[in-house]
Amino acid sequence: MTKKKIGVLISGNGSNLQALIDACTKADYPASISVVISNKADAYGVNRAREHGIPAHIIRHEDYATRDAFDDAMQEMLLHHSVDIICLAGFMRLLSPVFVARWRGRILNIHPSLLPQFKGATAVRDALAAGVKETGCTVHLVTDEVDAGPILLQARVPMLPGDTEESLRERIHEQEHRIYPEAVKMIIPA
Ligand code: GRF
């Protein structure tokens, strides 16, 4: 089996990166991670990658004059590592239409709500504030419209009495870690 090469883009803790790392250590998983890129120098996910011997690079968006220039720098790094599939895992930057077009059908994102509900950066808080009975998480293909591309997998998470943003986020994360590696498999032909 020739494994597909994943490039993971992160900005922070990288617990979803960890879930992908763990999945990729299994011999029968059809992908491996060839590079991790963080736009934040202090992202903990960089340590996670390096602990597993995965090349991890910091490409700070502040160092580039335009979004296109930043995306081009990432593109160069991804091509250098022969990446086939990009996984956004808590990557908190908008991508340019040119970049998204280059990777159409091969770039995934994970979002902490049952899309199309609660798009945007405060999805967990928004679900709690809305008083819905359940929320969850979604893995979808990335298109130009934020948090709106074709859905690959979702998992439901019920609200529990006394839930705080923290407790809810924790249970959503558990489901994210389960479905992200599964969703990656879905776009890899058997
Ligand atoms: C996750 O909740 C994901 O859905 C969202 O950002 C968070 C990243 O968490 N896009 P982590 O860095 O993977 O722990």
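Residues numbered from 1 in each chain as written. Predicted model: local features only at pLDDT ≥ 70, side-chain atom pairs only at ≥ 80, totals over all residues. Heavy atoms only, no water.

Trainee: Please set out the overall build of the chain residue by residue, giving values where relevant.
Mentor: For the chain, the count of helices and strands is six helices and seven strands. Along the chain, helices and strands appear, N-terminal first, in the series β-α-β-α-β-α-β-α-β-α-β-β-α. The C-alpha radius of gyration computed for the chain amounts to 16 Å, which stays within 12% of the reference 16 Å derived for 190 residues, consistent with globular compactness. With respect to the three principal axes, the spread of C-alpha positions in the chain is 50 × 40 × 30 Å. Of the roughly 9300 Å² of accessible surface on the chain, a fraction of 52% belongs to carbon and sulfur atoms. Charge centroids of the chain, computed over 21 positive and 23 negative side chains, lie 3 Å from each other. (Helix = DSSP H or I, 4+ residues; strand = E, 2+ residues; numbered from the N terminus. Rg over C-alpha atoms; globule rule 2.2 N^0.38 Å. Areas by Shrake-Rupley, 256 points an atom, 1.4 Å probe, with all protein chains shown as cover. Lys, Arg positive; Asp, Glu negative; His and termini not counted. Charge placed at Lys NZ, Arg CZ, Asp CG, Glu CD.)

Trainee: Pulling in residues and values, what's your account of the site of the ligand?
Mentor: By nearness alone, every residue bordering the ligand is listed as Asn13, Gly14, Ser15, Asn16, Gly90, Ile110, His111, Pro112, His173 and Glu176. Separating an oxygen atom of the ligand from a side-chain N or O atom of serine 15 is a distance of 2.5 Å. At a separation of 3.2 Å, an oxygen atom of the ligand approaches a polar side-chain atom of histidine 173. Contact with the protein chains hides 85% of the accessible area of the ligand, taken as 370 Å² for the molecule alone. Every element with two or more residues in the shell around the ligand is listed here: α1 (15-24), β5 (107-111) and α6 (165-186). (Near = heavy atom within 4 Å. Polar contact = N/O pair within 3.5 Å; in protein donor to acceptor, adjacent residues only side chain to side chain.)

Trainee: Describe the packing of α1 against helix α2 (residues 44-51), with residues and values.
Mentor: When two helices pack together, their arrangement is given by the angle between the helix axes and by the axis-to-axis distance. Closest axis-to-axis distance for the α1/α2 pair is 9 Å, and the angle between their directions is 15 degrees. As the angle between them shows, α1 and α2 are arranged roughly parallel. The chirality of how α1 crosses α2 is right-handed. Together, Ser15, Leu17, Gln18 and Ile21 of α1 and Gly45, Arg48 and Ala49 of α2 make up the contact between the two elements. (Axes fitted to C-alpha atoms, helices over the stretch in contact; angles between N-to-C directions. Parallel < 35°, antiparallel > 145°, perpendicular 65-115°, else oblique. Left-handed = near helix turned anticlockwise from the far one by under 90°. Contact = heavy atoms within 4.5 Å.)

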